[in-house]
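# Summary of the model geometry
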Amino acid sequence: MTPSMRDVQLTEVAGDGAGEEVRLLDSYDEEEQKLGDNLRRIQVRVTGMTCAACSNSVEGALMSINGVVKATVALLQNKADVIFYPSLVKDDEITNAIEDAGFEAELLSEPTASRTNPHGTVVGQFIIGGMTCAACVNSVEGILKQLPGVRKAVVALATSLGEVEYDPSIISKDDIASAIEDAGFEASFVQSSEQDKIVLGVVGISGEMDAQLLEGILSKLHGVKHFLFDRVSCELGVVFDPEVLGPRSLVDGVEGGSSGKFKLLVKNPYTRMASRDLEESSKMFRLFTASLSLSVPVILMRVVCPQIPLLYALLIWQCGPFQMGDWLKWALVTVVQFGIGKRFYVAAGRALRNGSTNMDVLVALGTTASYVYSVCALLYGAISGFWSPTYFETSAMLITFVLLGKYLETLAKGKTSGAIKKLVELAPATAILLVKDKGGKVVGEREIDALLIQAGDILKVLPGTKVPVDGVVVWGSSHVNESMVTGESAPVLKEINSVVIGGTINLHGSLHIQATKVGSNTVLSQIISLVETAQMSKAPIQKFADYIASIFVPVVVTMSLLTFFGWYVAGVLGGYPEEWLPENGNFFVFSLMFAISVVVIACPCALGLATPTAVMVATGVGANNGVLIKGGDALEMAQKIRYVIFDKTGTLTQGKAKVTTAKVFTEMDRGEFLTLVASAEASSEHPLAKAIMEYARHFHFFDEPSDTGEFQSYSEQAKFSGWLQDVSDFSVLPGKGVQCFIDGKWVLIGNRKLLTENGIAIPSNVENFVVELEESAKTGILVAQDNVVIGALGIADPLKREAAVVVEGLIKMGVQPIMVTGDNWRTARAVAKEVGIHDVRAEVLPAGKAEVIRSFQKGGSVVAMVGDGINDSPALAAADVGMAIGAGTDIAIEAAEYVLMRSNLEDVITAIDLSRKTFARIRWNYIFAMAYNVIAIPVAAGVFFPLLRLELPPWVAGACMAMSSVSVVCSSLYLKRYKKPRLTTILEITIE
């Protein structure tokens, strides 16, 4: 029998972190990186803990050891995580401290590969089915983290996804999936984002001979490392050498080798996820309708049939030891209890075997108690002749309502993941590939799957179709609608060397583009990855729900037992009259019904959905509004923002610096002066240097400056490079300028500080000219040659039109804006005055921005940083909330928690406003989740029965439990109605 493929996403983990995708496990990485070389982290298995008091005792014992920095104990996982100084504490001292506290301790071995060979670890992504509450999440995470070779594991309830970083040389993906299944859940495949792994569907396999032919073709393909074909699902997983073989070459090789007999289709992971969601929803609906169709007759036999003489006579007809009605109820409810309800027993049994508890345990406990009692009552009546009332309908309706709640929950959760589905739909399914001969001449075209496009491919984009991948236009011109990325509805002109983004729509002319980024590297894929990662993340506020989930089963069972014994003992001692008992009932039955109701209604499964569903919807809403949020922790921090620090250039300003003035203070010719300056600045990447180059080039050649300043063709560079002079010993002086030698003369270009530090005097007329520039919000650039100031340039960077309104809006929201820049004080103050910022930090070096942020963080204030450049990355990382302008650098975007895709400052308002509304919604979710419990538990326990005769039958308790989860999810879905504040209404925002 062919082993089935375990569907796992494998992603190589970069050791240096450069270019690494933002993933769910990043927060764990950051925590571990903070340990430093002097600290060590170990995990200890702790046996004997039974409650939160035990875990607190272990934590106390560990923290009392001199040298232990942090100790965290997970009760359900029976594990302790300890961070300590190995120079002060030995491993044995930690285990001895736990044993002295009255528990057993065993040091868990660390996966060596993940420590010594980080390049050898991979990240597997699984879809996990069957999770119902936060306790299930804790159970799966705990089991995965205990597996040998697993370094980290994080599971998200709202998305039913889990990510596991592991060493494939120690544990396989099959072992991980098996561990998840052994825990009582389902594990299935998502995708493979590695460039050397691909999953394909194979059409045309009809028998063993075809399978052998396929394997033979793959074995002969040069570059194929290994493969696995699942004959049941007809899925083919292939690992190949990307330097030898590309995915399209692989598909062409198999299809050509089979003479067209086989057809290979690339499996879209997100389509498969959507189909699985639909399958899960359909399955829950079938179970619910089946349970309902069997439960309704039971209810009718109890409520309606006694009012119809003919039917009632049939039901009370004696058939053997029982009446016909008893036989029918027993038969129908048995099918519901052990047929339809089998899933609860299976899940509960596996959970208990793994030492954990969840909602399934309570459902199985409550329904079994009702069913077993009813059966025992029938048997006892047949033997003794004393017939007690049965409660078959209780267990049947309880299962029915639980299934209804799960069905509605799957529908609602499907709606919360709509953002990813919309983003996936933006990507085209196919593309037109231009086929070239060996000489590079186009000889034809063919339609290929868009997932098989390779970097360097030349693709044809017809009018009205979507751009298949990120690339550069090599032929043609057209207008492209980029609103899916920028949010701007105005079409953008695309000509030769213009950059195009996959998923955008070509409106008019035909284009030929060269693919530059494919697969997971495209902008659209990165947006999807960010949204998906954010939806999987856990906000710190969720710790409350996780804590409740970790203790709720023992607490609920204890409450139920207290309720039962309280009523039973009171009844036996004569504490209440027998008139309260049901007909033919007794104190045991009377007390049992209260206890079952408590078991059912006390289950706080909705708590586990309160935070993740709201975060899931918020990240989708943010993506639709051009704001990418990297996680729930970012959302939680953003709602507390007290200060927002803006970088000036490219953030408050348009980032399109232009030379407005060029003045020569010597006899040098103006053209010669500009040639000298351009030659020196040609090697610099600074935006001001590019502005100077554009100005000088336009002066000499009357060439119009490009809108983007990027992707200038080699022919254009050659055209204009001949006029530049040779430069030697060029160097950049951060925060000051540049220096070099031209024709043996020393040239300095920069600010006052650069010249004064090099002993160059600045004449008064030059100083007055520069001061005049600075007071008009322009940057003055001084040029010196051989210790003499020869000229100056004035550079202006226009403010973004929305900057002043956004600053005023932030002040209205109770957020204080601050501007930080490396520019001089006069220019900084002039710009700040224009936008309305009163707190300015000028002449700050890139490294100093992080220090400015830390100064505001003192006292516990939450500080946000908005920036766009590489030099902003340390500040973005140092801030509590980093917001990167979407048009900025990849490094800046990597360092931030928010990405403003439209490069519009209004989105800063949107980010803060959305985070505040999200956490207001989360608070409402907790109210909805707890209200049912707080209000209904006293009713279920019979607190109001003596005075008001008010009780909560178990089946009604089941309905309330189901509705609590549905209420929470629907409350989160209300966020989909979010409308971001518009420019005309921003100033109406007030502090809540």
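Quick caveat, the model's predicted, so the values are computed rather than measured. (Residues numbered from 1 in each chain as written. Predicted model: local features only at pLDDT ≥ 70, side-chain atom pairs only at ≥ 80, totals over all residues. Heavy atoms only, no water.)

### Topic: the nonpolar core
- In terms of nonpolar packing, the biggest core is built from 81 residues, with Ile641, Val644, Met883, Tyr898 and Val908 touching the most fellow members.
- Top element by residues in this core is helix 33 (residues 906–940). It accounts for 9 residues.
- Three or more residues apiece are contributed to this core by two domains, here domain 2 (115–267) and domain 5 (621–654 + 799–914).
- When near neighbours in sequence (up to four residues on either side) are disregarded, valine 908 contacts Val644, Phe646, Leu810, Val866, Met883 and Leu900.
- Ranked by size, the runner-up nonpolar core spans 45 residues in total, among them Met284, Ala377, Tyr391 and Leu592. (Core = buried A, V, L, I, M, F, W, Y, C linked by side-chain atoms within 4.5 Å. Buried < 20%, exposed > 50% of the residue type's maximum accessible area, 1.4 Å probe, protein only. Helix = DSSP H or I, 4+ residues; strand = E, 2+ residues; numbered from the N terminus. Domains from an automatic or database assignment. Contact = heavy atoms within 4.5 Å.)

### Brief notes about the pairing of strand 18 (residues 458–461)
- Relative to strand 18, strand 16 (residues 430–436) runs antiparallel, the two sharing 2 bridges. Bridging from a neighbouring strand, isoleucine 432 pairs with lysine 460 of strand 18.
- Bridge analysis of strand 18 against strand 24 (residues 511–517) gives 4 bridges, and the strand direction is antiparallel. Residue pairing for strand 24: lysine 460 is matched across the bridge by histidine 512. (Pairing = 2+ DSSP bridges.)

### Describing the packing of helix 7 (residues 208–220) against helix 8 (residues 247–257)
- It is the contact of helix 7 with helix 8, at a shortest axis distance of 10 Å, that shows an interaxial angle of 130°. Compared by their axis directions, helix 7 and helix 8 come out oblique. At the point where helix 7 passes helix 8, the crossing takes the right-handed sense. Residues Leu214, Ile217 and Leu218 of helix 7 pack against Leu250, Gly253, Val254 and Gly257 of helix 8.
- When the residues that make up the contact of helix 7 with helix 8 are grouped by side-chain class, the tally is 5 nonpolar, 2 polar and no charged. (Axes fitted to C-alpha atoms, helices over the stretch in contact; angles between N-to-C directions. Parallel < 35°, antiparallel > 145°, perpendicular 65-115°, else oblique. Left-handed = near helix turned anticlockwise from the far one by under 90°. Nonpolar A, V, L, I, M, F, W, Y, C, P; charged D, E, K, R; others polar.)

### A look at the sheet that holds strand 30 (residues 745–750)
- Pairing is antiparallel in the open sheet, where 6 strands are placed in the order 27-32-31-30-29-28. Strand pairing shows two members of the sheet lacking a second neighbour, strand 27 (658–664) and strand 28 (727–733), which therefore form its edges. Each strand of the sheet is rotated relative to its neighbour by a mean of 15°, with strand direction disregarded.
- Two elements, strand 30 and strand 31 (residues 779–785), share 4 bridges in a ladder whose sense is antiparallel. Its bridge partner being in strand 31, leucine 748 is matched across the sheet by alanine 784.
- Sheet contacts for helix 24 (residues 687–701): strand 27, strand 31 and strand 32 (788–796); angle to strand 27, the most-contacted strand, approximately 70°.

### Topic: the confidence of the model for the protein
- Per-residue pLDDT for the protein averages 77, and the proportion of residues at 70 or more is 79%.
- Counting interchain partners and residues more than four positions distant, the pLDDT-below-50 stretch residues 110–119 has 19 contacts.
- Low pLDDT (under 50) marks residues 703–720, which in the prediction has 20 contacts with non-local residues, meaning those over four places away or in another chain. (pLDDT = per-residue confidence, 0-100.)

### Examining helix 8
- Buried within helix 8 are the following residues: Pro247, Arg248, Leu250, Val251, Val254 and Glu255. Down the axis, helix 8 shows its buried residues gathered within 160° of arc, on one side only.
- Serine 259 sits one or two residues past helix 8 and shows a positive phi near 55°. (Arc of directions from axis to C-beta.)

### A word on helix 20 (residues 607–624)
- Helix length check: helix 20, at 18 residues, gives a terminal C-alpha distance of 27 Å against a target of 26 Å (1.5 Å per residue), a fit within 8%.
- Note on helix 20: the residue one or two positions beyond its end, glycine 626, has a positive phi of about 85°. (Expected span 1.5 Å × (residues − 1).)

### Some words on the sheet that holds strand 35 (residues 862–867)
- Pairing is mixed across the open sheet formed by 7 strands, whose spatial order is 25-37-36-35-26-33-34. Taken across any chain shown, the strands that pair with only one partner, and hence form the sheet edges, are strand 25 (627–629) and strand 34 (839–841). Geometrically, the sheet is characterised by an average inter-axis angle of 20° between neighbouring strands, direction not taken into account.
- Inspection of the sheet shows strand 26 (residues 641–647) paired to strand 35 by 5 bridges, in the parallel sense. Pairing of isoleucine 645 across the sheet is with methionine 865, part of strand 35.

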